[in-house]
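Listed below, chain by chain, are the residues.
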Amino acid sequence: MSIISRDAGEGLLSSSHTSEKDVLLEGNELSCLFIFDFMAGKISFEQAAKQIIEKLPLAFSNPYNVCACMDLQDSFYSSDNFKRTNHSLNYNISLNNELIGVISVYNLDELADSDIQLFSKKDEDIFKTVANHVELMVMHRNMYASSFEKDESYRFLIENIKDVVYSIDTDMNLLYISPQVSSYGYTPKQVFAGNWLDIVHPDDRKRLIDSYRATIRREFNKPTVFRLFDSKGNIHWMEEVGTPIMNSSGEVTGINGILRDVTERKYMGDELKQRVEFEKTIRDISSSFINFSSDELDEKIHDAMEAIGTVSDITQCHIYDSTSGSSLLSVLYEWDKDGKGPLDESIGDLFISKIPELFKNLISGKNIVVSSLDELLFGVGAEIDLINYFHIKSFVVVPMIAKNKLIGFIVFSSREKEVQWSEFEVDMFGLVGMIIGNVLQHERYNKVLRENEMYFRSLFEESNDAVLIHTLDGTILNINKKACDMLGYERNAFYNINAYSLYDEDLYDEFPAFARRVLAEGSAYSESCMNKADGGVIDVSISSSFVDRNKRVIQSIVQDITEKKKVEQELKSYRLKLEDKVKERTEELSRVNEQLEEEIFERNLVEVLMGEHELLLENVLESSGDSIAFFDMGNKAKLMNSQFLDMWKIPENIGVDMDYLDLFAEFVYPHLENAEYVGSKVRKFSSLKEKDSGLLYFKDGRVVEYNLFPVFKDGVIQGHVYNCRDITINKKAESELKKYAEDLEYSNELKDLFADILRHDLLNPVGIVKGFLSVLIQKEKDPSMLDMLRKVEMSNQKVIDMIGMASKLSRLDSVEKIEFNVIDLGFMINIAKTNFGAMFENKNMRAVCRFSGSYFAKANIMIEEVFANLFSNAIKYSPEGSTVYVDILDAGDEWKVQFTDFGEGISDEDKPLVFERFKRVGNSSIKGSGIGLAIVRKIVDLHGGSFGVEDNPDGKGCVFWITVKKG
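Cut-offs used in this document
Residues numbered from 1 in each chain as written. Predicted model: local features only at pLDDT ≥ 70, side-chain atom pairs only at ≥ 80, totals over all residues. Heavy atoms only, no water. Helix = DSSP H or I, 4+ residues; strand = E, 2+ residues; numbered from the N terminus. Contact = heavy atoms within 4.5 Å. Areas by Shrake-Rupley, 256 points an atom, 1.4 Å probe, with all protein chains shown as cover. Pairing = 2+ DSSP bridges. Axes fitted to C-alpha atoms, helices over the stretch in contact; angles between N-to-C directions. Patch = residues over 30% accessible without salt bridge, like charges linked within 9 Å, V, L, I, M, F, W, Y side chains within 5 Å. Salt bridge = Lys/Arg side-chain N within 4 Å of Asp/Glu carboxyl O. Lys, Arg positive; Asp, Glu negative; His and termini not counted. Charge placed at Lys NZ, Arg CZ, Asp CG, Glu CD. Buried < 20%, exposed > 50% of the residue type's maximum accessible area, 1.4 Å probe, protein only. Phe/Tyr/Trp six-rings, centres within 6.5 Å; stacked < 30°, edge-to-face > 60°. Lys NZ or Arg CZ within 6 Å of the ring centre and 35° of its normal. Core = buried A, V, L, I, M, F, W, Y, C linked by side-chain atoms within 4.5 Å. Arc of directions from axis to C-beta. Polar contact = N/O pair within 3.5 Å; in protein donor to acceptor, adjacent residues only side chain to side chain. pLDDT = per-residue confidence, 0-100.

> Quick question: what am I supposed to make of the overall build of the protein here?
Helix and strand counts for the protein come out as 28 helices and 32 strands. Residue pairs at least 24 apart in sequence account for 58% of intrachain contacts in the protein once pairs closer than 6 positions are excluded. Accessible surface computed for the protein: about 51200 Å², of which carbon and sulfur atoms make up 51%.

> Would you mind showing me how to read the sheet that holds strand E3 (residues 88-95) here?
In any sheet, the strands associate via hydrogen bonds between backbone groups, in a parallel or an antiparallel arrangement. Spatially, the four strands line up as an open sheet ordered E2-E1-E4-E3, and their pairing is antiparallel. In this open sheet, the two strands that pair with only one neighbour each are strand E2 (76-78) and E3. The average undirected angle you get between the axes of adjacent strands in this sheet is 10°. Relative to strand E4 (residues 98-107), strand E1 (residues 66-72) is paired through seven bridges, and the arrangement is antiparallel. Bridging across to E4, Cys67 finds its partner in Tyr106. In this fold helix H2 (residues 45-55) packs onto E1, E2 and E4, with an angle of close to 35° to the strand it touches most, E2.

> I would appreciate a short explanation of a negative patch on the surface in the present structure.
A cluster of like negative charges, contributed by Asp295, Glu296, Glu299, Asp303 and Glu306, occupies part of the molecular surface. When you line up the elements, Asp303 lands in helix H9 (residues 297-311). We classify Asp303 as partly exposed; its relative accessible area is 40%.

> Help me understand the packing of aromatic side chains in this model?
Each pair of aromatic rings is reported with the distance of its centres and the angle of its planes. Within this structure, the stated rule accounts for 29 aromatic pairs. On the numbers, 6.1 Å between centres and 65° between planes, the contact of Tyr166 with Tyr212 is edge-to-face. Taken together, the residues span a long stretch of sequence, with Tyr166 in strand E5 (residues 164-169) and Tyr212 in helix H7 (residues 202-216) at a distance of 46 residues. Grouping residues by exposure puts Tyr166 and Tyr212 together as buried. Ring geometry for Phe278 and Phe429: centres 6.0 Å apart, planes at 75°, overall edge-to-face. Here Phe429 lies in helix H12 (residues 423-451) and Phe278 lies in helix H8 (residues 263-288), a separation of 151 residues in the sequence. Taken together, the aromatic side chains of Phe631, Phe644, Tyr660, Phe664, Tyr669, Tyr706 and Tyr722 make up a single cluster linked through ring pairs. A cation over an aromatic ring shows up here: Arg275 above the ring of Phe424, its NZ or CZ 4.0 Å from the ring centre. Here the basic side chain of Lys966 rests over the ring of Trp895, its NZ or CZ set 4.5 Å away from the ring centre.

> Is there a simple way to think about the nonpolar core in this case?
The nonpolar side chains of a soluble globular protein tend to be buried with one another. If you look at the biggest cluster of nonpolar residues, it comprises 48 residues, and the most contacted ones within it are Phe867 and Ile962. Elements with a minimum of two residues in this core: helix H25 (825-835), strand E27 (846-849), strand E28 (856-859), helix H27 (863-877), strand E29 (883-891), strand E30 (894-900), helix H28 (932-942) and strand E32 (958-965). Per element, the largest residue contribution to this core is eight residues, and it comes from H27. Setting aside anything within four residues of it in sequence, one finds Ile962 in contact with Ile863, Val866, Phe867, Leu870, Trp895, Lys896, Val897, Val936, Val940, Ser946 and Phe947.

> Would you mind going over the sheet that holds strand E8 (residues 235-246) with me for this structure?
Spatially, five strands are ordered E6-E5-E9-E8-E7 in an open sheet, and the strand pairing comes out antiparallel. The two strands at the open ends of the sheet, each matched to only one other strand, are strand E6 (174-177) and strand E7 (224-229). Going from strand to strand, the sheet's axes swing by 30° on average, the running direction of each strand aside. Packing against the sheet, H8 makes contact with E8 and strand E9 (252-261), and its axis sits at approximately 120° to E8.

> How should helix H21 (residues 660-668) be read in this particular structure?
Quick reminder: α-helices carry 3.6 residues per turn. Residues three or four places apart thus point the same way. For H21, the set of buried residues is Tyr660, Leu663, Phe664, Phe667 and Val668. Taken end-on, H21 shows its buried residues confined to a sector of 100°, consistent with a single buried face. Taken together, the buried residues of H21 touch strand E21 (627-632), strand E22 (637-640), helix H20 (642-648), helix H22 (675-682) and strand E25 (716-726). N-capping of H21 is provided by Asp659, with a side-chain oxygen placed 2.8 Å from the backbone N of Leu661.

> What's the story with the environment of Ile216 in this structure? I'm lost.
Along the chain, Ile216 falls in helix H7. For the pair Ile216 and Gly242, spaced 26 residues apart in sequence, the C-alpha to C-alpha distance is 9.5 Å. Contacts of Ile216, omitting those with residues within four sequence positions, involve Thr170, Met172, Val252 and Ile255.

> I'm lost on helix H16 (residues 513-521) in this one. Help?
Of the positions making up H16, those classed as buried are Ala513, Phe514, Ala515, Arg516, Arg517 and Val518. Gly522, located one to two residues past H16, shows a positive phi value of around 95°.

> I would appreciate a short explanation of the pattern of salt bridges in the present structure.
Oppositely charged side chains can pair when the atoms bearing their charge come close. Tallied over the entire structure, the rule returns 23 salt bridges. Two residues, Asp204 and Arg207, come together in a salt bridge whose shortest N-O distance is 2.9 Å. Here the residue Asp204 and the residue Arg207 both occupy positions in helix H7, the gap between them amounting to three residues, near one helical turn. We classify Arg207 as partly exposed; its relative accessible area is 39%. Of the charged contacts in the structure, one is a salt bridge between Asp700 and Arg702, with a shortest N-O distance of 2.9 Å. Salt bridges linked by common partners bring Asp204, Arg207 and Arg227 together as one network.

> For this particular structure, what's the right way to read a nonpolar patch on the surface?
Residues Leu449, Ile768 and Phe772 make up a contiguous nonpolar surface patch of roughly 230 Å² in combined accessible area. One can find Ile768 in helix H23 (residues 728-779).

> Mind showing me how you'd approach the side chain of Gln898 here?
Note that Gln898 resides in strand E30. With residues up to four places along the chain from it excluded, the contact list for Gln898 reads Tyr885, Val886, Asp887, Leu889, Val959, Phe960 and Trp961.

> How should the side chain of Ser394 be read in this particular structure?
Relative to the helices and strands, Ser394 is located in strand E14 (residues 394-402). Engagement of the side chain of Ser394 in a polar contact is seen with the backbone oxygen of Ser371, the distance being 2.4 Å. The contact partners of Ser394, leaving out residues within four places of it in the chain, are Val370, Ser371, Ser372, Phe412, Ser413, Ser414, Lys417, Glu418, Val419 and Trp421.

> Hey, could you run me through the confidence of the model for the protein in this one?
A low pLDDT means the predicted coordinates there should not be read in detail. Taken as a whole, the protein shows an average pLDDT of 79; of its residues, 78% reach a score of 70 or greater. pLDDT under 50 marks residues 1-25. Its contacts with residues more than four places away, or in other chains, come to 60 contacts. Segment residues 145-151: pLDDT under 50, and 15 contacts once partners within four positions in sequence are set aside and those in other chains are kept.

Written out as structure tokens, the structure is:
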């Protein structure tokens, strides 16, 4: 007798079996025929085993001289001609490393010598293949007996979930596929009849097979997404998740897996990606129009149209002007997807008579959306003729509105196909129209300014502020009369003086502080001192900006310092109002949440339930606002309060002692939208040993939360308490909270829009007012009237300064990422120190920098604003005659910058608050807005550094510090 034992690495169809294809086919055809019916639940294990043992001899080279048997722990199967002889092949069947049986074949030639081998190599391979398959059946019978024979609820679950369940062997042969494949127009039998990979998209087959092979190798494998054809040729996106099947020896014999249809999720993801791309495009377009010259306008509008074309289905775009007042609408810009320009088939200028109905809608501010010409209403014949002539198939027209008046419109069209424009796309087109409309209106304002250049030149000359126009190297190009009077120089003398020599401050790299900031940021506001011709020195404020960036020409407006700007208080008021609104809404939501919180009495109920106080238990149950029932381990309903009976409309004389499965089927499921899901969970209640919970969705719109608690006594489970609570109000509160979050986000957008209006639209009119005031003051002779005009001029200047500060804060709030350069921190600290020289002198204070040399850091030029705010903070809270010390310390890969003052100090409980916006601690008599240190925090955060405040170790006062990475 010979015994075939399995070597390590042999599986259901391992590599040692694949040398003879015909052997595999014979073994597979014999065993897979019955294994499939067994896995599908069509026949029992006994029926499959009998059929395999009966047919096994037929696979051998001499079938009439071979018999077979299978001896398991609980059963024995044999072929009709079974007889034990001295010539046999045997295969041990194990489960969990325990021998549970053997499958054997015997050669019936009893006359043959026992030393003669009567079975061929091919016979042995066939036997080994079949034995492996039989062992797989035994494993499935023991592991999943409840799934296919004993537990009908598990089979019901497999066959009624939406996902497709399958099994394959290691050679990708399909062993089982659940009936859910019919959702795609196939029966399981049809899938088995052909190559099941034929329904997989050709481009995805190799990737899917590679994923299966990785699973077989027991490598970590992410879910694989692929395309599947249904019987009508439609494509479905599927997600495959498979786990290896292993026999008792740890060999992988196949894969069990699930196919999940993720088509909707895939399309939603694609749509979300398109929305993100569209929103990014709109942000880029909006950003591109913040700073631009008139010469760049055509190029920027073309780039904007091209960007919209890359994320939408438009093929052409036309921008029309309607400000002329005539019946002719002029085309300002044209764009074509193919890059033609001018367009070969341009619509060109339009007479209003050609589009009468559409123009009426545009005047009223409405977007016009046409996905198909069939959507055009009766009575728009002129429009239809025009649209047909230019072969337009779909289009969207958005108005450009300024000051409630139509100034033009943009036509986004497609000549290639009919496009179902989404609501989101139309909104984005509308935003583009608003942006470009504002840009064109802004450009018209600029044109008016250029046309009045001569007039403003006279305002420049007669201005009450000194104006110096010079190049970046300090060469003076022009000055006005006020500059001559203020500094005491003749006009011609200025042209022989370097502008920077007029400022009483140290130069770094041949530039004063304000010039370096203009070079880095485009504009700057600072305070300094200027030298007069007679040797005197005056304090001045300097507002500088490029008037011609290409030629590096700077305009500086210089005036005597009168008072500090009071923008901080205005900004604080705005912020406080916003915080009050947020606080109000938060308190409102808190009140709702408080109403939803109730004491948890379920645990107390358990104690009462297991005790002997039946009357108290009844009172507790009836006084509860929840629906409560108790089911024992025999699935019987033992207790139900009136709320439970009312919720499910159960008659009082029916519920008690009724099987809870019948109770739910008759009274609960008819009320629910998700009855099937709830039913799958209810069937498992009696086996649960831990808390379970979920949601019940009623057909009338109510939402109820259930909780299931196991009840134990002396460590033994006695039953389950089932508790239901109506949480419809909670869900409504969640919806309101979501809407509140959206409103808050929209409020932030309005804030940004407000800042843009301040920066762009308010600065022009107040500048004009300033010019007219200068002329009036120059010409007015009446002292009382002149005094009134100067007060108006002072108030107007406050508005200008307020706009400048609001713009700076808005830009800082919107910054998320900054560009870094290598900057000398010592150099930047000295710049800030110089700018605050006058403030130190006013309080008889001094600043001492206890460092020397260079301290190069990876930073942005805005780091100077940090040092300026720390100097300002130290001056405000330090006593007269004191000293502020500045140190730069080596902190490994960072520089630690410390500002030490000798002021009142800050308590430990207030230290965490000082870097918050509008949080001021200490002396309330000192003026300030509470945003200086918040700006320090924002800029340091953008640099990836840290910040803090500590007590001064040398006495009263504080040590404020920040860290910046070394360059």
